[in-house]
Amino acid sequence: MGVQDYADHPKLKPSVVLTGSAKECNSGPAIGLIDIGVSQSAFLFRVALPGIRNDQSKVKCEIQRDGKVLIQGMMTEGTGLLQGLPSICQMRVQQMCSPGAFTISFNLPGSVDPRLYSPRFRPDGILEVVVMRYMKPSDPANAWVPPS
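Read on for an overview of the structure.

Quick notes on the rules
Residues numbered from 1 in each chain as written. Predicted model: local features only at pLDDT ≥ 70, side-chain atom pairs only at ≥ 80, totals over all residues. Heavy atoms only, no water. Pairing = 2+ DSSP bridges. Helix = DSSP H or I, 4+ residues; strand = E, 2+ residues; numbered from the N terminus. Axes fitted to C-alpha atoms, helices over the stretch in contact; angles between N-to-C directions. Buried < 20%, exposed > 50% of the residue type's maximum accessible area, 1.4 Å probe, protein only. Contact = heavy atoms within 4.5 Å. Core = buried A, V, L, I, M, F, W, Y, C linked by side-chain atoms within 4.5 Å. Salt bridge = Lys/Arg side-chain N within 4 Å of Asp/Glu carboxyl O.

## Considerations on the sheet that holds strand β3 (residues 42-48)
Right, so step 1: Pairing in this open sheet of 4 strands is antiparallel, and the strands run β2-β3-β10-β9 from one edge to the other. In this open sheet, the two edge strands, each paired with only one partner strand, are β2 (34-38) and β9 (112-121). Recorded for the sheet is a direction-independent mean angle of 15 degrees between the axes of neighbouring strands.
Right, so step 2: Relative to β3, β2 is paired through 5 bridges, and the arrangement is antiparallel. Within β3, the position partnered with D35 by the bridge is R46.

## Examining the environment of C61
Right, so step 1: Relative to the elements of secondary structure, C61 occurs in strand β4 (residues 60-63).
Right, so step 2: Since its relative accessible area comes to 14%, C61 is described here as buried.
Right, so step 3: Through-space distance from the C-alpha of C61 to that of L127 is 9.4 Å; in sequence the pair is 66 residues apart.
Right, so step 4: Dropping the residues within four chain positions of it, C61 is found in contact with F45, V69, L70, I71, Y117 and L127.

## Focus on the nonpolar core
Right, so step 1: Counting residues in each nonpolar core, the largest one holds 19 residues, and the members touching the most others are F45 and I71.
Right, so step 2: At the level of elements, β3, β4, β5 (68-75), β8 (100-107) and β10 (126-133) are the ones that each hand at least two residues to this core.
Right, so step 3: Discounting residues that sit within four places of it in the chain, F45 has contacts with D35, I36, C61, I63, V69, I71, F106, L108, L127, E128 and V129.

## A short note on the pattern of salt bridges
Right, so step 1: Applying the stated criterion across every chain, the model contains 6 salt bridges.
Right, so step 2: Salt-bridge contacts for D113 lead to R115; the nearest nitrogen and oxygen are separated by 2.8 Å.
Right, so step 3: Residue class for R115 comes out exposed when judged on its relative accessible area of 67%.
Right, so step 4: The closest approach of N and O atoms between R122 and D124, which form a salt bridge, is 2.7 Å.
Right, so step 5: Taken together, the shared-partner salt bridges in this structure form one network comprising R46, R120, R122, D124 and E128.

As structure tokens, then:
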């Protein structure tokens, strides 16, 4: 099956499960929107986590060999400080998900090597992860042998 076939195959479309405040979010930007990219050697996925601050939310991403991804974290209170005015104002953001724990889980369209992944939490609230696909060890009979 080619790389493009993964994206077009209906049985390989990832199902996404949201729990906690991610599931209860009725207003504001959606948490848990997912994009998955496929190449010959890796998968790239991006998960929207609007309003999440990596330094306060303790976002944790676990990847299993079968391609199951589990993202957990804590949606903190939507407050912020505005400075630069004659006084400091504290604002309350009401268009974000309610505070609380959240879990997002989905499956990648193939096996991966969970030791070989590179997560990056972007400033725009996107968790971006590249994880290498699992490659079966080569048959020793077909292995290249250096000339003697």
